[in-house]
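Reading the structure
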Amino acid sequence: MKKRKVGIMGGTFDPIHLGHLLAGECAREGAGLDEVWFVPVFLPPHKEQTPGADSRQRWEMVCLAVEGNPYFRPIDVEIAKGGKSYSIETVQILQQRYPDLLFSYIIGADMVQYLPNWHRIDELVRRIGFIGLKRPGTEIRWDLLPEHIRSCVTIVDMPSVDISSTVIRERLKTGHSVRYMVPDKVRLYIEEEKLYG
Ligand code: ATP
Ligand code: MG
């Protein structure tokens, strides 16, 4: 039997925005995935803390953002575990919990470049492949990636979306609109929770 393919879209999602959602959709189509699972980190290994919202709020925004898309699912494995979220541990947990699924990891170009710094990357690339998406501001330097990492990355096409959570937090802080940059439900949630003000 052919295994169902699931893409793991990890991130801080502080907040989740249209770049994340489009990345998930393009990865799904481009790599023929059956589902995309959005996995908010509890604490990113490369950041000391998340800049804006707490983990409950980031989780709730992810849930609101993927609502209504039958191919997208929010997964709380890292938030439920707590502590620093290492992808290798998440992948181990998911592969153990769902032995019948075939997982891959979805990442933007900035993360592709950063892969050699990921915790236990050599073990990770033996377990899972990566789907990479172009991201404005990052030209992937393939020559800087070791061969055993490079060969695990498949690039799929995505229209450039020059949006980041950092820009959204900045805009909110300075009183600018983020309408059409985040899903409407997320925008209303941000207002209700008085986030990033
Ligand atoms: P921040 O500015 O806080 O770092 P971010 O917009 O980079 O936020 P993350 O939660 O850090 O969002 O990213 C989660 C994943 O989504 C990463 O793999 C990142 O490369 C990818 N990603 C985020 N925004 C885009 C985008 N506009 N285009 C392609 N990939 C993206
Ligand atoms: Mg980022």
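Below is a short write-up of the structure.

Analysis parameters
Residues numbered from 1 in each chain as written. Chains lettered and ligands numbered in written order. Predicted model: local features only at pLDDT ≥ 70, side-chain atom pairs only at ≥ 80, totals over all residues. Heavy atoms only, no water. Near = heavy atom within 4 Å. Polar contact = N/O pair within 3.5 Å; in protein donor to acceptor, adjacent residues only side chain to side chain. Areas by Shrake-Rupley, 256 points an atom, 1.4 Å probe, with all protein chains shown as cover. Helix = DSSP H or I, 4+ residues; strand = E, 2+ residues; numbered from the N terminus. Nonpolar A, V, L, I, M, F, W, Y, C, P; charged D, E, K, R; others polar. Buried < 20%, exposed > 50% of the residue type's maximum accessible area, 1.4 Å probe, protein only. Arc of directions from axis to C-beta. Contact = heavy atoms within 4.5 Å.

Things to note about the site of ligand 1
Around ligand 1 lies a shell of 22 residues, among which His-17, Asp-110, Val-161, Ser-165 and Thr-166 are the nearest. In the environment of ligand 1, an oxygen atom lies 3.1 Å from a nitrogen or oxygen atom belonging to the backbone of Phe-13. Within the contact set of ligand 1, a nitrogen atom lies 2.9 Å away from a backbone nitrogen or oxygen of Val-161. When ligand 1 sits alone it has 600 Å² of accessible area, and the protein chains cover 92% of it. Residue assignment for the shell around ligand 1 shows that the elements contributing at least two residues are β1 (4-11), α1 (18-31), β4 (101-108), α5 (109-114) and α8 (165-173). Tallied by class, the residues present in the shell around ligand 1 amount to 7 nonpolar, 10 polar and 5 charged.

Focus on α8
Regarding α8, the residues found buried are Ser-165, Ile-168, Arg-169 and Leu-172. Down the axis, α8 shows its buried residues gathered within 100 degrees of arc, on one side only. The elements touched by buried residues of α8 are α1 and α9 (184-192). Directly after α8, the chain includes Gly-175, whose backbone phi takes a positive value near 75 degrees.

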